[in-house]
Amino acid sequence: MPPTHLGPVEEELTKARTAYRNRGRWGADDVLGTLNFIDDAIRAHAASLVRRGRSFSLAQEFDGSGPQGFPHGFGGDGDPVLMPLRACTQWEGLGRVHDDGRAGNGRPYALVGGDSVTGMEHMRDAFTGRGVLLDVGRAVGDARGELPDGFAITEEHLRVTVEAQGATSGVRRGDIVLVRTGQLGRVRRLGEWGGYAAGDAPGLSFTTLGWLHRTEIAAIATDTRGLEVRPHEFAGPARSPLHRIAVADMGLPLGGMWDLEALAEDCAADGVHEFLLVAAPLPVAGAAGAPVSPIAVK
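A short tour of the structure in this document, coming up.

So, how was this worked out
- Residues numbered from 1 in each chain as written.
- Predicted model: local features only at pLDDT ≥ 70, side-chain atom pairs only at ≥ 80, totals over all residues.
- Heavy atoms only, no water.
- Helix = DSSP H or I, 4+ residues; strand = E, 2+ residues; numbered from the N terminus.
- Buried < 20%, exposed > 50% of the residue type's maximum accessible area, 1.4 Å probe, protein only.
- Contact = heavy atoms within 4.5 Å.
- Areas by Shrake-Rupley, 256 points an atom, 1.4 Å probe, with all protein chains shown as cover.
- Pairing = 2+ DSSP bridges.
- Axes fitted to C-alpha atoms, helices over the stretch in contact; angles between N-to-C directions.
- 1 Å grid on protein atoms, 1.4 Å probe; cavity = no way out; pocket = protein on both sides within 12 Å on 5 of 7 lines; lining within 4 Å.
- Points joined across faces, edges and corners; volume = space filled by probe spheres on them.
- Nonpolar A, V, L, I, M, F, W, Y, C, P; charged D, E, K, R; others polar.
- Phe/Tyr/Trp six-rings, centres within 6.5 Å; stacked < 30°, edge-to-face > 60°.

1. Focus: the overall build of the protein chain
Turning to step 1, where the next piece is worked out: Summing up its helical and strand segments, the protein chain has 9 helices and 11 strands in all.
Turning to step 2, where the next piece is worked out: Across the 298 residues that make up the protein chain, the buried fraction comes to 54%.
Turning to step 3, where the next piece is worked out: In the protein chain, the proportion of contacts linking residues at least 24 apart, taken out of those at least 6 apart, comes to 80%.
Turning to step 4, where the next piece is worked out: Summing over all exposed atoms, the protein chain offers an accessible surface of approximately 12,200 Å²; the carbon and sulfur share of this is 53%.

2. Observations concerning the pairing of strand E3 (residues 128–135)
Turning to step 1, where the next piece is worked out: Within E3, 7 of the 8 residues are buried, which leaves the element mostly enclosed by the surrounding structure.
Turning to step 2, where the next piece is worked out: Bridging between E3 and strand E9 (residues 274–278) involves 5 bridges; their strand directions are antiparallel. The residue bridging Gly-129 from the neighbouring strand is Leu-277, located in E9.
Turning to step 3, where the next piece is worked out: Two strands pair when backbone bridges link them, and E3 and strand E5 (residues 176–180) are joined in this way by 5 bridges, in the parallel orientation. From the neighbouring strand, Leu-134 faces E5, where its bridge partner is Val-179.

3. Focus: the sheet that holds strand E2 (residues 90–92)
Turning to step 1, where the next piece is worked out: Pairing is mixed across the open sheet formed by 9 strands, whose spatial order is E1-E11-E9-E3-E5-E7-E8-E2-E10. Each end of this open sheet is capped by a strand with a single partner; those strands are strand E1 (55–57) and strand E10 (289–291). Neighbouring strand axes in the sheet, compared pairwise and without regard to direction, differ in orientation by 25° on average.
Turning to step 2, where the next piece is worked out: Seen against the sheet, helix H9 (residues 261–270) touches E1, E3, E5, E9 and strand E11 (295–297) and runs at an angle of roughly 75° to E3.

4. A short note on the layout of surface pockets
Turning to step 1, where the next piece is worked out: Approximately 470 Å³ is the volume attributed to the largest pocket.
Turning to step 2, where the next piece is worked out: Considering the residues around the largest pocket, the lining is formed by 17 residues, among which Arg-96, Val-97, Arg-239, Ser-240 and His-243 are closest to the centre.
Turning to step 3, where the next piece is worked out: Split by residue class, the lining of the largest pocket holds 4 nonpolar, 5 polar and 8 charged.

5. Quick look at the packing of aromatic side chains
Turning to step 1, where the next piece is worked out: One pass over the full model with this rule turns up 5 aromatic pairs.
Turning to step 2, where the next piece is worked out: Measuring from ring centre to ring centre gives 5.3 Å for Trp-26 and Phe-37, while their planes differ by 80°; the resulting arrangement is edge-to-face. Of this pair, Trp-26 sits in the loop between helix H1 (9–19) and helix H2 (40–48) while Phe-37 sits in the loop between H1 and H2, placing them 11 residues apart in sequence.
Turning to step 3, where the next piece is worked out: In this structure Trp-26 comes out as partly exposed when scored by relative accessible area, which is 25%.
Turning to step 4, where the next piece is worked out: Residue class for Phe-37 comes out buried when judged on its relative accessible area of 1%.
Turning to step 5, where the next piece is worked out: An aromatic cluster of at least three residues, connected via ring pairs, comprises Trp-91, Phe-127 and Trp-258.

6. Quick word on empty space enclosed by the protein
Turning to step 1, where the next piece is worked out: Summed over the entire model, instances satisfying the criterion amount to 3 cavities of 30 Å³ or more.
Turning to step 2, where the next piece is worked out: Quantified by volume, the largest cavity comes out at close to 50 Å³.
Turning to step 3, where the next piece is worked out: Lining the largest cavity are Asn-22, Arg-23, Trp-26, Asp-30, Gly-33, Leu-94, Asn-105, Ala-248, Asp-249, Met-250 and Gly-251.
Turning to step 4, where the next piece is worked out: Considering only residue class, the lining of the largest cavity consists of 4 nonpolar, 4 polar and 3 charged.

Keep in mind these numbers describe shape, not what the thing actually does.
Quick look at the structure:
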């Protein structure tokens, strides 16, 4: 459950932004953040991971009965759709949140909002590489492989998961890491979304920021709506504290509402938790986040 040892939120944010900041690391004009860790050699290695040719879609369906309940579509010739860009399976880009008025790479938040500076179009070909599944739900959860809402995943939980899964789940520089909590499977099993979109949820602890920075992963996604644990781990109000540091200071793209259930079943069956992952977002110009239909190939 959420640790209780964290200090006041502003004090912890100040320490974290100093320790984990990547602003300027790839130059003043950079728009990719930690996706710069994925190079041609990493993509070539990822392609070599395909042995069986089995593919898995990691996207939920984009429809009116989805997790947030507000992607209202209308049909007709050409199938036009009207929906929020982050209504379902999605990536959040470097303009999604700000920390102390600054978005990704230290740009003023007012500059990047709603324009092409850090829009998702710049990342259209960047999300291809080695994917690795960390099935924390199976490793430390209940008999169904699920974590309870409010469960804070710490670095120790991630370490235990890697050890339980074996060598193929070792996290490397440039990886796209997928964290399964089992929350999506639970709401489907129970037949109702409840607070999935905005209520309590299992997720990454604020204390995992050190691991996220030290491992030099390229991106991270999960089967929950917001990736970080809810409620947050501070005594007072805290608005997306992990997002503020991970996105705005570290430059780490975050993904939410990924469907990891079928992939997790296969990984548990064959013991292989690494795969080629192709997860290009829709290149919506100026968007701070965009839908994605990720494909994992083993």
